[in-house]
Amino acid sequence: MDLTFFGLTPKIASQYRKNLYKEIHEIVFHGKGGYDWATIQEMPIWVRKFVFEEIKQFYEEQNQDPTSDKTTNVINSDGTINRPAFENISRDYQSNKRAPKYK
């Protein structure tokens, strides 16, 4: 007898429970010690969903393609120095470097 008016059906309830515990696990595991299981379980739903989405967004940004990063390597994959990149970094360093002031 699957009356959804009075609550969750057994099939939907098991899926809901699985999703809930998976969400709690992800927050506790990826929170790196910032959260414990009981705190997350007692947390209001809207706060838990917010925390879950923030952690998810953080790790998605961390896992972006490293080639899209704007950093340059001064050493090539074969171990030689990438001269243009090295000269640009050296020029930037020297232009920002302040000479010591002596009295």
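This text goes with the structure placed above it.
Rules of the game
Residues numbered from 1 in each chain as written. Predicted model: local features only at pLDDT ≥ 70, side-chain atom pairs only at ≥ 80, totals over all residues. Heavy atoms only, no water. Helix = DSSP H or I, 4+ residues; strand = E, 2+ residues; numbered from the N terminus. Contact = heavy atoms within 4.5 Å. Areas by Shrake-Rupley, 256 points an atom, 1.4 Å probe, with all protein chains shown as cover. Expected span 1.5 Å × (residues − 1). Buried < 20%, exposed > 50% of the residue type's maximum accessible area, 1.4 Å probe, protein only. Arc of directions from axis to C-beta. Phe/Tyr/Trp six-rings, centres within 6.5 Å; stacked < 30°, edge-to-face > 60°. Salt bridge = Lys/Arg side-chain N within 4 Å of Asp/Glu carboxyl O.

## Digging into the overall build of the protein chain
Consideration 1: In terms of helices and strands, the protein chain carries 4 helices and 0 strands.
Consideration 2: In the protein chain, of all internal contacts separated by at least 6 residues, the share reaching a separation of at least 24 is 28%.
Consideration 3: Counting every atom, the protein chain has about 9,500 Å² of accessible surface; 56% of that belongs to carbon and sulfur.

## Section: helix α3 (residues 45–62)
Consideration 1: Here α3 contains 18 residues, and its C-alpha end-to-end distance of 26 Å stays within 8% of the 26 Å for a straight helix at 1.5 Å per residue.
Consideration 2: Within the span of α3, buried status applies to Arg48, Val51 and Ile55. Buried residues along α3 cover an arc of 65° about the axis, so they all sit on one side.
Consideration 3: Buried residues along α3 sit in contact with α1 (10–30) and α2 (37–42).

## Some points on α1
Along an α-helix, a turn takes 3.6 residues, which lines up residues three or four apart on a common side.
Consideration 1: An ideal rise of 1.5 Å per residue puts 30 Å on 21 residues; α1 measures up with 30 Å between its terminal C-alpha atoms.
Consideration 2: Turning to α1, its buried residues number three or more, namely Ala13, Leu20, Glu23, Ile24 and Ile27. The arc that holds every buried residue of α1, seen down its axis, measures 95°, which confines them to one face. Exposed positions of α1 whose direction lies more than 90 degrees from the buried face are Pro10, Lys11, Lys18, Lys22 and Phe29.
Consideration 3: Buried residues along α1 sit in contact with α2 and α3.
Consideration 4: Positioned one or two residues after α1, Lys32 has a phi angle of 55°, which is positive.

## Some thoughts on the packing of aromatic side chains
Two measures describe an aromatic ring pair: the distance that separates the ring centres and the angle between the ring planes.
Consideration 1: For the coordinates displayed, the defined rule picks out 2 aromatic pairs.
Consideration 2: With a centroid separation of 6.1 Å and 20° between ring planes, the pair formed by Tyr21 and Trp37 is classed as stacked. Of this pair, Tyr21 sits in helix α1 while Trp37 sits in helix α2, and the two are 16 residues apart along the sequence.
Consideration 3: Judged by its relative accessible area of 35%, Tyr21 is partly exposed.

## Some remarks on the pattern of salt bridges
Consideration 1: Within this structure, the stated rule accounts for 3 salt bridges.
Consideration 2: Glu26 serves as the salt-bridge partner of Lys22, at 3.9 Å between the closest nitrogen and oxygen. One end of the pair, Lys22, and the other, Glu26, are both in helix α1, 4 residues apart, so they sit about a helical turn from each other.
Consideration 3: Accessibility expressed as a relative area gives 52% for Lys22, which makes it exposed.
Consideration 4: Residue Glu26 is classed as partly exposed on the basis of its relative accessible area of 23%.
Consideration 5: The shortest N-O distance in the salt bridge between Lys49 and Glu23 comes to 3.5 Å. Taken together, the positions of Lys49 in helix α3 and Glu23 in helix α1 put the pair 26 residues apart, joining distant regions of the chain.
Consideration 6: One salt-bridge network, in which partners are shared between bridges, spans Glu23, Arg48 and Lys49.

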